[in-house]
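# Inside the fold
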Amino acid sequence: PHSRGIGPQFVATEWKMALNLVLAEYAPLFVCGMFAYLSRQDRRYRAPAVGMGLVAGAMGAILHDWMTAFIVWGLVVLFLPVAFRHSTPALLWSPLQWLGKVSYSLYITHNLLAMSVLHLLIPVVGRVPAMLLTLVPIVLVARAVHEVGEVRGSAWFKSQLKRLQK
């Protein structure tokens, strides 16, 4: 809240550390998603999911501006009804299924890689083409991390745990 409209280099480090420590910007969205997932098994989690969606928008207003809040709330309004359904046939489309498989790897790798690639491409091709071109390496890296870490790594780790049980 103390950094709205101020360049990040001029915000006191203590405030930046505190906001990052409590994950003020992203934690409400993460918790909203967790409640949405739980609500597929138990409807009691729907109200907490909606509540955290409201908190996520409020954090957008506090940390940025009201436009950010309305964008977040709009995305929550689109996301929650789909998440609350037991089945959404459109989500069975194989490209979306594939993106779902690599989504965690995409989540943990996209920011640093995207900023690096965008920094290189924007001066050469402009903002919009750079954003589109950046999707390719981001998805390829997410696929590699998924294969190495989630598929092969977890299989190896599981085999090691089973070996220790004997």
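The present account deals with the structure reproduced in this document. (Residues numbered from 1 in each chain as written. Predicted model: local features only at pLDDT ≥ 70, side-chain atom pairs only at ≥ 80, totals over all residues. Heavy atoms only, no water.)

Where helix α6 (residues 103–125) contacts helix α7 (residues 127–165), the two axes come as close as 7 Å, and the packing angle between them is 150°. Taken together, the axes of α6 and α7 are roughly antiparallel relative to one another. Considering how the two elements wind past one another, α6 and α7 form a crossing that is right-handed. Of the residues that constitute the contact of α6 with α7, the class distribution is 19 nonpolar, 5 polar and 2 charged. (Axes fitted to C-alpha atoms, helices over the stretch in contact; angles between N-to-C directions. Helix = DSSP H or I, 4+ residues; strand = E, 2+ residues; numbered from the N terminus. Parallel < 35°, antiparallel > 145°, perpendicular 65-115°, else oblique. Left-handed = near helix turned anticlockwise from the far one by under 90°. Nonpolar A, V, L, I, M, F, W, Y, C, P; charged D, E, K, R; others polar.)

Turning our eyes to something else, we now look at helix α3 (residues 46–63). The terminal C-alpha atoms of α3 lie 26 Å apart, and with 18 residues this matches the ideal 26 Å at 1.5 Å per residue to within 8%. Within the span of α3, buried status applies to Ala-49, Gly-53, Ala-56, Gly-57, Met-59, Gly-60, Ala-61 and Leu-63. (Expected span 1.5 Å × (residues − 1). Buried < 20%, exposed > 50% of the residue type's maximum accessible area, 1.4 Å probe, protein only.)

Another aspect to go through is the side chain of Ser-39. With respect to the secondary-structure elements, Ser-39 resides in helix α2 (residues 27–39). Look at Ser-39 and you get buried, because its relative accessible area is 2%.

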